[in-house]
Amino acid sequence: MKPHPLCSSFPPMSDEEFLILSKDIGENGQIDPIIIFDGFILDGWHRFQACAELNLEPKTKEFTGDDPAAFVLSKNLHRRHLTASQRAVAVATCREWRLNGGRISVGKIAHSNSNESMAREANVSPRTIKDAKTAIKSGRADDVISGKISVSKAADMARDRKSTRQNSSHRCISYAVFCLK
């Protein structure tokens, strides 16, 4: 089984956290079931991995709710130690999935949800949400989720790349006009 894209909008546990979880499951068994949606793990990816390492049959349950994105946010957004950048990308990713009919696609991000409402949900500023959308659109969301870079750095990198492309296009056009004279 693989993690659902919504599940992947949050960073993985650290190696130390995973060892603690594995030890607990080994000693006490798997308490919470792994939630499955559309054949993917919506919640419980680390429990699934721990059970596999311990050669235990994982307990699973099909998702029965109406909104898998809201479920994933509810289970992960406030119980994990996430940075503001990671919260912003997670909320924007889950909203994008919901608005794009259950798909997450780099380069296409739905903008019909207000930055202000997403900012309230993620407990960040609207500017941070705007940067999160830019990071997702540019394909840098994984770097933010993993903690490699902040969402503002990812957005700056995306804007710098776009600016470089635009300046390059302007130079080519100027050169072509010059050559035609």
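Details of the structure are given in the entry above.
These lines cover the structure that appears in this document, whether it is placed above or below. Note that the structure is a prediction, hence the values are computed from the model and not measured.

1. Quick look at the overall build of the protein chain
Move 1: Helices and strands together make up the secondary structure of the protein chain, namely 8 helices and 3 strands.
Move 2: Of the regular secondary structure in the protein chain, the N- to C-terminal order runs α-β-β-α-β-α-α-α-α-α-α.
Move 3: Expressed as a percentage of its 181 residues, the buried residues of the protein chain come to 38%.
Move 4: Counting only contacts in the protein chain whose residues sit at least 6 apart along the sequence, the fraction spanning at least 24 positions is 65%.
Move 5: Carbon and sulfur atoms make up 52% of the accessible area of the protein chain, which amounts to about 10700 Å² in all.

2. Description of the sheet that holds strand E3 (residues 60–62)
Move 1: Spatial strand order, E2-E1-E3: 3 strands in an open sheet with mixed pairing. The open sheet has two edge strands with one neighbour each: strand E2 (40–43) and E3. Within this sheet the neighbouring strands show an average axis-to-axis angle of 45 degrees, counted without direction.
Move 2: Packing of helix H2 (residues 45–53) onto the sheet brings it into contact with strand E1 (34–37) and E2, and relative to E2 it is tilted by some 120 degrees.
Move 3: Running over the sheet, helix H3 (residues 68–76) touches E1 and E2 and is turned about 50 degrees from E2.

3. Focus on the pattern of salt bridges
Move 1: Applying the stated rule across the entire model yields 6 salt bridges.
Move 2: For Arg47, the salt bridge identified is with Asp43, shortest N-O distance 3.0 Å.
Move 3: Since its relative accessible area comes to 12%, Arg47 is described here as buried.
Move 4: Since its relative accessible area comes to 5%, Asp43 is described here as buried.
Move 5: A salt bridge links Glu121 to Arg95, with the shortest nitrogen-to-oxygen separation between them at 2.7 Å. Of this pair, Glu121 sits in helix H5 (residues 115–122) while Arg95 sits in helix H4 (residues 84–99), and the two are 26 residues apart along the sequence.
Move 6: Among the residues examined, Glu121 registers a relative accessible area of 25% and is labelled partly exposed.
Move 7: Accessibility expressed as a relative area gives 11% for Arg95, which makes it buried.

4. Remarks on the nonpolar core
Move 1: By size, the foremost hydrophobic cluster in this structure holds 31 residues, and its most contacted members are Leu6, Phe10, Leu42, Val89 and Ile129.
Move 2: Elements supplying a minimum of two residues to this core: E1, H3, H4, H5, helix H6 (126–137), helix H7 (141–145) and helix H8 (151–180).
Move 3: Top element by residues in this core is H4. It accounts for 7 residues.
Move 4: Counting 5 residues, the second largest nonpolar core, distinct from the first, contains Phe18, Leu21, Ile25 and Ala50.

Rules used throughout
Residue numbers run consecutively from 1 along every chain, following the written order of its sequence. Only residues with pLDDT of at least 70 are given local features in this predicted model, and only at 80 or more are side-chain atom pairs given and counted; all residues enter the totals for whole chains, interfaces and linings. In computing side-chain properties, one takes all heavy atoms of the structure into account and sets aside hydrogens as well as water. Secondary structure elements follow DSSP: runs of H or I of four or more residues count as helices, runs of E of two or more count as strands, with numbering from the N terminus. Relative accessibility decides the category of a residue: with a 1.4 Å probe and only protein chains considered, values under 20% of the type maximum give buried, values over 50% give exposed, and everything between is partly exposed. Whether two residues are in contact is decided by their heavy atoms, any of which lying within 4.5 Å being enough. Per-residue and other accessible areas follow the Shrake-Rupley method at a 1.4 Å probe size, with only the shown protein chains counted as cover for residues. Whether two strands pair comes down to DSSP finding at least two bridges between them. Axis geometry follows a simple rule: fit a line to the C-alpha atoms, using only the stretch in contact for helices, then measure angles between N-to-C directions, giving values from 0 to 180 degrees. We define a salt bridge as a side-chain nitrogen of Lys or Arg found within 4 Å of a carboxyl oxygen belonging to Asp or Glu. Grouping buried Ala, Val, Leu, Ile, Met, Phe, Trp, Tyr and Cys residues that are joined through side-chain atoms within 4.5 Å yields what is termed a nonpolar core.

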